[in-house]
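Residue-level listing of the chains:
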Amino acid sequence: MDEILIRPIEEKDNKELAALIRAVFEEFGSEKIGTVYSDPETDALFRYFSKAGAEYWVAEENGSLIGGCGIYPTKGLPDGCAELVKLYLSPSARGKGLGLRLFDKSVKSAIKLGYKQLYLESFPEFSKAVSMYESFGFKQLDHPLGNSGHYACTIYMIKDL
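Here we summarise the structure given alongside this text. (Residues numbered from 1 in each chain as written. Predicted model: local features only at pLDDT ≥ 70, side-chain atom pairs only at ≥ 80, totals over all residues. Heavy atoms only, no water.)

### Structural notes on the layout of surface pockets
In this structure, the largest pocket spans a volume of roughly 820 Å³. If you go around the largest pocket, you meet 44 residues; those closest to its centre are Leu 87, Tyr 88, Phe 126, Ala 129 and Tyr 133. When contributions to the lining of the largest pocket are tallied by element, the ones reaching two or more residues are α1 (14-28), β4 (81-89), α3 (98-112), β5 (117-122) and α4 (127-135). Here the residues of the lining of the largest pocket are counted per class, giving 23 nonpolar, ten polar and eleven charged. (1 Å grid on protein atoms, 1.4 Å probe; cavity = no way out; pocket = protein on both sides within 12 Å on 5 of 7 lines; lining within 4 Å. Points joined across faces, edges and corners; volume = space filled by probe spheres on them. Helix = DSSP H or I, 4+ residues; strand = E, 2+ residues; numbered from the N terminus. Nonpolar A, V, L, I, M, F, W, Y, C, P; charged D, E, K, R; others polar.)

Right under this line is the structure:
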(Lines give C-alpha, C1' and ligand atoms only; values in the text may rest on other atoms or scores of the structure.)
Protein backbone atom coordinates (compact mmCIF):
# COMPACT_ATOMS: atom_id res chain seq x y z
CA MET A 1 0.00 0.00 0.00
CA ASP A 2 1.11 3.51 -0.69
CA GLU A 3 1.01 6.14 2.02
CA ILE A 4 -2.45 6.25 3.58
CA LEU A 5 -3.74 9.46 5.08
CA ILE A 6 -6.31 9.19 7.87
CA ARG A 7 -8.13 12.48 8.35
CA PRO A 8 -11.45 13.90 9.53
CA ILE A 9 -14.31 13.76 7.04
CA GLU A 10 -14.77 16.77 4.76
CA GLU A 11 -17.85 17.82 2.81
CA LYS A 12 -16.15 16.87 -0.47
CA ASP A 13 -16.07 13.22 0.75
CA ASN A 14 -19.87 12.76 0.80
CA LYS A 15 -20.43 11.28 -2.66
CA GLU A 16 -17.35 9.03 -2.74
CA LEU A 17 -17.94 7.75 0.80
CA ALA A 18 -21.62 6.97 0.13
CA ALA A 19 -20.60 5.05 -3.00
CA LEU A 20 -17.97 3.07 -1.04
CA ILE A 21 -20.46 2.12 1.69
CA ARG A 22 -23.12 1.03 -0.80
CA ALA A 23 -20.57 -0.95 -2.84
CA VAL A 24 -19.68 -3.00 0.27
CA PHE A 25 -23.36 -3.88 0.81
CA GLU A 26 -23.65 -4.93 -2.83
CA GLU A 27 -20.41 -6.94 -2.67
CA PHE A 28 -21.62 -8.99 0.29
CA GLY A 29 -25.27 -9.23 -0.81
CA SER A 30 -26.47 -7.70 2.44
CA GLU A 31 -29.91 -6.29 3.18
CA LYS A 32 -30.35 -2.79 1.78
CA ILE A 33 -33.69 -1.65 3.25
CA GLY A 34 -33.52 -0.63 6.91
CA THR A 35 -29.75 -0.19 6.76
CA VAL A 36 -27.17 2.50 6.12
CA TYR A 37 -27.50 1.58 2.42
CA SER A 38 -30.97 3.16 2.16
CA ASP A 39 -30.50 5.76 4.91
CA PRO A 40 -30.73 9.27 3.37
CA GLU A 41 -28.04 10.45 5.83
CA THR A 42 -25.53 8.29 3.92
CA ASP A 43 -25.45 10.91 1.17
CA ALA A 44 -24.65 13.73 3.64
CA LEU A 45 -22.22 12.15 6.10
CA PHE A 46 -20.19 15.32 6.61
CA ARG A 47 -23.28 17.09 7.95
CA TYR A 48 -24.33 14.00 9.93
CA PHE A 49 -20.96 13.91 11.71
CA SER A 50 -20.91 17.67 12.35
CA LYS A 51 -23.14 17.00 15.37
CA ALA A 52 -21.64 17.46 18.85
CA GLY A 53 -20.33 14.18 20.20
CA ALA A 54 -19.73 12.73 16.72
CA GLU A 55 -16.52 12.25 14.78
CA TYR A 56 -15.68 10.44 11.53
CA TRP A 57 -12.33 9.48 10.04
CA VAL A 58 -11.66 8.67 6.39
CA ALA A 59 -8.70 6.83 4.91
CA GLU A 60 -7.36 8.22 1.67
CA GLU A 61 -4.80 6.68 -0.66
CA ASN A 62 -3.57 8.47 -3.78
CA GLY A 63 -6.50 10.89 -3.56
CA SER A 64 -9.18 8.18 -3.33
CA LEU A 65 -11.20 7.20 -0.27
CA ILE A 66 -10.56 3.58 0.69
CA GLY A 67 -12.29 3.46 4.07
CA GLY A 68 -13.81 5.19 7.01
CA CYS A 69 -15.04 4.79 10.58
CA GLY A 70 -16.60 7.00 13.21
CA ILE A 71 -18.54 7.41 16.41
CA TYR A 72 -22.00 8.86 16.80
CA PRO A 73 -24.23 9.71 19.79
CA THR A 74 -27.15 7.57 18.59
CA LYS A 75 -30.49 8.42 20.21
CA GLY A 76 -31.57 6.11 22.99
CA LEU A 77 -28.15 4.72 23.90
CA PRO A 78 -27.26 4.61 27.60
CA ASP A 79 -25.45 7.62 29.05
CA GLY A 80 -21.75 7.51 28.23
CA CYS A 81 -22.27 5.24 25.22
CA ALA A 82 -21.73 6.12 21.55
CA GLU A 83 -22.20 4.00 18.47
CA LEU A 84 -19.23 2.88 16.40
CA VAL A 85 -20.53 3.48 12.91
CA LYS A 86 -19.80 3.07 9.26
CA LEU A 87 -16.54 1.10 9.41
CA TYR A 88 -16.18 0.21 5.75
CA LEU A 89 -13.12 -0.59 3.66
CA SER A 90 -12.71 -0.96 -0.08
CA PRO A 91 -11.68 -4.48 -1.14
CA SER A 92 -8.11 -3.33 -1.87
CA ALA A 93 -7.74 -1.92 1.66
CA ARG A 94 -8.75 -5.05 3.57
CA GLY A 95 -6.40 -7.37 5.43
CA LYS A 96 -3.69 -4.74 5.83
CA GLY A 97 -4.45 -3.36 9.29
CA LEU A 98 -6.38 -0.33 8.08
CA GLY A 99 -9.56 -1.39 9.90
CA LEU A 100 -7.60 -1.46 13.14
CA ARG A 101 -6.10 1.97 12.45
CA LEU A 102 -9.53 3.49 11.78
CA PHE A 103 -11.01 1.73 14.79
CA ASP A 104 -8.16 3.03 16.97
CA LYS A 105 -8.73 6.62 15.79
CA SER A 106 -12.45 6.27 16.57
CA VAL A 107 -11.80 4.83 20.04
CA LYS A 108 -9.41 7.69 20.82
CA SER A 109 -12.11 10.14 19.66
CA ALA A 110 -14.70 8.42 21.87
CA ILE A 111 -12.45 8.60 24.92
CA LYS A 112 -11.60 12.25 24.20
CA LEU A 113 -15.33 13.01 23.99
CA GLY A 114 -15.94 11.30 27.35
CA TYR A 115 -17.63 8.09 26.24
CA LYS A 116 -17.25 4.97 28.40
CA GLN A 117 -18.72 2.41 25.97
CA LEU A 118 -19.05 1.79 22.26
CA TYR A 119 -21.99 -0.03 20.69
CA LEU A 120 -22.33 -1.31 17.13
CA GLU A 121 -24.76 -3.08 14.84
CA SER A 122 -23.90 -5.44 11.99
CA PHE A 123 -25.00 -8.40 9.87
CA PRO A 124 -24.01 -12.07 9.48
CA GLU A 125 -22.87 -11.28 5.91
CA PHE A 126 -20.09 -9.18 7.45
CA SER A 127 -18.72 -12.12 9.46
CA LYS A 128 -15.07 -11.10 8.97
CA ALA A 129 -15.87 -7.66 10.37
CA VAL A 130 -17.76 -9.21 13.30
CA SER A 131 -14.72 -11.38 14.06
CA MET A 132 -12.55 -8.27 13.91
CA TYR A 133 -14.89 -6.49 16.36
CA GLU A 134 -14.66 -9.46 18.73
CA SER A 135 -10.86 -9.28 18.52
CA PHE A 136 -11.17 -5.59 19.48
CA GLY A 137 -13.04 -6.60 22.66
CA PHE A 138 -16.68 -6.26 21.60
CA LYS A 139 -19.17 -8.68 23.16
CA GLN A 140 -22.40 -9.73 21.46
CA LEU A 141 -25.75 -8.66 22.90
CA ASP A 142 -29.06 -10.41 22.31
CA HIS A 143 -30.97 -7.19 21.58
CA PRO A 144 -30.39 -3.75 20.06
CA LEU A 145 -29.66 -0.63 22.07
CA GLY A 146 -30.70 2.85 21.08
CA ASN A 147 -32.55 3.84 17.94
CA SER A 148 -30.23 3.85 14.94
CA GLY A 149 -33.15 3.42 12.56
CA HIS A 150 -31.32 0.48 10.97
CA TYR A 151 -33.93 -2.11 11.89
CA ALA A 152 -32.57 -4.78 9.51
CA CYS A 153 -29.39 -5.26 11.60
CA THR A 154 -29.28 -8.57 13.49
CA ILE A 155 -25.94 -8.44 15.32
CA TYR A 156 -25.50 -6.10 18.30
CA MET A 157 -22.23 -5.64 20.16
CA ILE A 158 -20.80 -3.49 22.98
CA LYS A 159 -17.35 -2.70 24.35
CA ASP A 160 -16.24 -0.92 27.50
CA LEU A 161 -13.56 1.70 26.91
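### Structural notes on α1
The end-to-end C-alpha distance of α1 is 22 Å, a good match for the 21 Å that 15 residues give at a rise of 1.5 Å each. What α1 keeps buried is the set Asn 14, Leu 17, Ala 18, Leu 20, Ile 21, Arg 22, Val 24 and Phe 25. The inward-facing, buried residues of α1 contact α2 (45-48), β2 (55-61), β3 (64-72) and β4. Once α1 finishes, Gly 29 follows within two positions and takes phi at roughly 65°, a positive value. (Expected span 1.5 Å × (residues − 1). Buried < 20%, exposed > 50% of the residue type's maximum accessible area, 1.4 Å probe, protein only. Contact = heavy atoms within 4.5 Å.)

### With respect to the sheet that holds β4
Here seven strands make up an open sheet; going across it, the order is β1-β2-β3-β4-β5-β7-β6 and the pairing mixed. Because the sheet does not close on itself, it has two edges, and the strands there are β1 (4-8) and β6 (139-141). Neighbour-to-neighbour, the strand axes of this sheet turn through a mean angle of 25°, independent of strand direction. Taken together, the seven bridges between β2 and β3 define a ladder with antiparallel strand orientation. Bridge pairing in β3 links Tyr 56 to Gly 70. Of the strands in this sheet, β4, β5, β6 and β7 (155-160) are in contact with α4, which crosses β7 at around 20°. (Pairing = 2+ DSSP bridges. Axes fitted to C-alpha atoms, helices over the stretch in contact; angles between N-to-C directions.)

### Quick notes on the pattern of salt bridges
Taken as a whole and assessed by the stated rule, the structure comprises nine salt bridges. One salt bridge connects Asp 43 with Arg 22, and the closest N-O pair in it is separated by 2.8 Å. Linking Asp 43 in the loop between α1 and α2 with Arg 22 in helix α1, this pair joins segments that are 21 residues apart in sequence. You can call Arg 22 buried: its relative accessible area is 18%. Here Asp 104 and Lys 108 are joined by a salt bridge, their closest N and O atoms 3.0 Å apart. Separated by four residues within a single helix, Asp 104 and Lys 108 lie in helix α3, roughly one turn from each other. Salt bridges here are not isolated pairs; linked through shared partners, they connect Arg 7, Glu 10, Lys 12, Asp 13 and Glu 60. (Salt bridge = Lys/Arg side-chain N within 4 Å of Asp/Glu carboxyl O.)

### Digging into the packing of aromatic side chains
Applying the stated rule across the entire model yields 13 aromatic pairs. With centroids separated by 4.2 Å and ring planes inclined at 20°, the aromatic side chains of Phe 103 and Phe 136 adopt a geometry described as stacked. With Phe 103 in helix α3 and Phe 136 in the loop between α4 and β6, this pair connects stretches of sequence that are 33 residues apart. Here Phe 103 matches Phe 136 in class, with each residue buried. Taking the centre distance of 5.8 Å and the plane angle of 90° together, the rings of Phe 123 and Phe 126 count as edge-to-face. Connected via pairs of aromatic rings, a cluster forms that spans Phe 25, Phe 28, Tyr 88, Phe 123 and Phe 126. Over the ring of Trp 57 we find Lys 105, and its NZ or CZ is 4.3 Å from the ring centre. (Phe/Tyr/Trp six-rings, centres within 6.5 Å; stacked < 30°, edge-to-face > 60°. Lys NZ or Arg CZ within 6 Å of the ring centre and 35° of its normal.)

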